[in-house]
2 protein chains.
Amino acid sequence: MTEADKAERHRQRMQRKKAVVDAGIERATEERGLLLVNTGNGKGKSSAAFGLLARALGHGMKVGVAQFIKSRTDTGEEAFFSKQPGVEWHVLGEGFTWETQNLERDIATAQQGWAVARRMLADASLGLVVLDELTYLLKYGWLDTQAVLADIAARPPMQHVVVTGRAAPPALIEAADTVTEMNEIKHAYRAGVKAQKGMDL
Amino acid sequence: MTEADKAERHRQRMQRKKAVVDAGIERATEERGLLLVNTGNGKGKSSAAFGLLARALGHGMKVGVAQFIKSRTDTGEEAFFSKQPGVEWHVLGEGFTWETQNLERDIATAQQGWAVARRMLADASLGLVVLDELTYLLKYGWLDTQAVLADIAARPPMQHVVVTGRAAPPALIEAADTVTEMNEIKHAYRAGVKAQKGMDL
């Protein structure tokens, strides 16, 4: 086969592939606010949500963030986003339950945090709301999963919501439109590398 | 068991867990530039890289981005990040190979794009370089994987690099410090929802 034949064969194969891809794009016509879930034990659940914040802000949307576990306010993401116009940023946690060692206080903190999230889920001016590390509050039973899902379902129709955290409960996965499981294949931490600025915080 | 006993038992269990977590954190002491790979067929590979850009910028680092497949320059991420101080943003692609339908041109485009990436990989002022959708150029054979890995390995010691895209080749996974496989559990696109601003572009 000559080079010209090869190029022509490639062109024809790619033309057929393009027809398949384009037909798929044509079938997808609906526009509405989506519920995304980023779960699994790998890196990237929260950072993928932060990347969507950037996308949304780039299109002139307003966005809101609730961080449910984190108590530190010196993270790169907060320093960066909280000074951008159109961003509401709430750090609502007191650390993981092995930090507080006080279950009653954990539950009270979670419920106060959810009140802040509910307000954002009722605010149609927000095009995207990130509920970072929410899954832990469901897993530990600090919040009722059905009540949380009802609040999410009652949001404005064009508002996107992203929930992050390990061990997303089945009812949340069922309710979601798009679910990604971030699986750890390798992690530098296991090779003795500490959490570093710009990578992990 | 009384409520007070339960609270005490929880406290003791969490105290033990905290000791395990803290010991792990103490063992991880190394600081260096990492090579991250976000692969798999799910949503979040590129957006997780964009989230790290925000983190790095929040710590005052400078960052660089090369987008190897994308040709459109109307994405939210580009609109948002390219106007931030400290960001170098390059859109280097001409679309997937089924769009161009011209293998020779694909290869030339890839090699021109890699020259731009190499310049960033030699620039110690950049704390983080994102090589978005690079895996496709390796998979299609438009770039030589060993040559690309040599350029990445020769970068400044504190520079972090993130490579995104499906089907990361084994040699890239081997070379990486942290690898996450983003697996699709569900995707709204399959239910007929089109790509939307702030979510997909």
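For clarity, every value in this text was computed on a predicted model and none was experimentally measured.

Further remarks concern the side chain of Asp132 of chain B. Residue and element names in this part refer to chain B. Note on placement: Asp132 falls in strand β4 (residues 126–132). Salt bridges are absent for the buried Asp132, whose nearest opposite-charge side chain, Lys70, sits at 4.2 Å. Polar contacts involving the side chain of Asp132 include one to the side chain of Gln67, which spans 3.1 Å. With residues up to four places along the chain from it excluded, the contact list for Asp132 reads Ser46, Phe50, Ala66, Gln67, Phe68, Lys70 and Thr164.

Taken together, the contacts link 80 residues of chain A with 80 residues of chain B. Regarding the contact of chain A and chain B, the summed buried area is about 6700 Å², with carbon and sulfur atoms giving 60% of it. The interface formed by chain A and chain B includes six salt bridges. Class assignment for the residues of the side of chain A that touches chain B results in 33 nonpolar, 25 polar and 22 charged. Bridge count for strand β6 (residues 178–186) of chain A against strand β6 (residues 178–186) of chain B is seven bridges, and the pairing is antiparallel. Residue Val179 of chain A lies in a different strand from β6 of chain B, and its bridge partner there is Lys186 of chain B.

Moving on, we come to the nonpolar core. It is characteristic of soluble globular proteins that their nonpolar side chains tend to be buried jointly. Counting 43 residues, the largest nonpolar core has Leu53, Phe81 and Leu128 of chain A together with Leu53, Phe81 and Leu128 of chain B as its most contacted members. Not counting chain neighbours up to four residues away, the residues in contact with Leu53 of chain B comprise Val63, Val65, Phe81, Trp89, Leu128 and Val130 of chain B. Val37, Ile69, Phe96 and Met120 of chain B belong to the second largest nonpolar core, which has 33 residues in total.

Both copies of the chain are related through a single rotation about an axis accompanied by a shift along the same axis. For the pair chain A and chain B, the best superposition has an RMSD of 0.0 Å and corresponds to a rotation of 180° with a translation of 0.0 Å parallel to the axis. Taken together, the turn and the small shift mark the pair as related by a two-fold rotation axis. Of all interface residues in chain A, 100% are interface residues in chain B too; the two copies therefore contact each other through one and the same surface.

Here the focus is the domain arrangement of chain A. Entries for chain A in the domain assignment read domain 1 (1–30) and domain 2 (32–191). A straight line from the C-alpha centre of domain 1 of chain A to that of domain 2 of chain A covers 39 Å.

The next subject is the pattern of salt bridges. Counted under the stated rule, the structure contains 28 salt bridges over all chains. Between Glu31 of chain B and Lys194 of chain A there is a salt bridge, with its nearest N and O atoms 3.9 Å apart. One end of the pair, Glu31 of chain B, is in the loop between α1 (3–27) and β1 (35–39); the other, Lys194 of chain A, is in the segment after β6, on a second chain. Here Glu31 of chain B falls in the partly exposed class, since its relative accessible area comes to 47%.

What counts as what
Residues numbered from 1 in each chain as written. Chains lettered and ligands numbered in written order. Predicted model: local features only at pLDDT ≥ 70, side-chain atom pairs only at ≥ 80, totals over all residues. Heavy atoms only, no water. Helix = DSSP H or I, 4+ residues; strand = E, 2+ residues; numbered from the N terminus. Buried < 20%, exposed > 50% of the residue type's maximum accessible area, 1.4 Å probe, protein only. Lys, Arg positive; Asp, Glu negative; His and termini not counted. Salt bridge = Lys/Arg side-chain N within 4 Å of Asp/Glu carboxyl O. Polar contact = N/O pair within 3.5 Å; in protein donor to acceptor, adjacent residues only side chain to side chain. Contact = heavy atoms within 4.5 Å. Buried area = accessible area lost by both parts, 1.4 Å probe. Nonpolar A, V, L, I, M, F, W, Y, C, P; charged D, E, K, R; others polar. Pairing = 2+ DSSP bridges. Core = buried A, V, L, I, M, F, W, Y, C linked by side-chain atoms within 4.5 Å. Least-squares fit on C-alpha atoms with pLDDT ≥ 70 in both. Domains from an automatic or database assignment.

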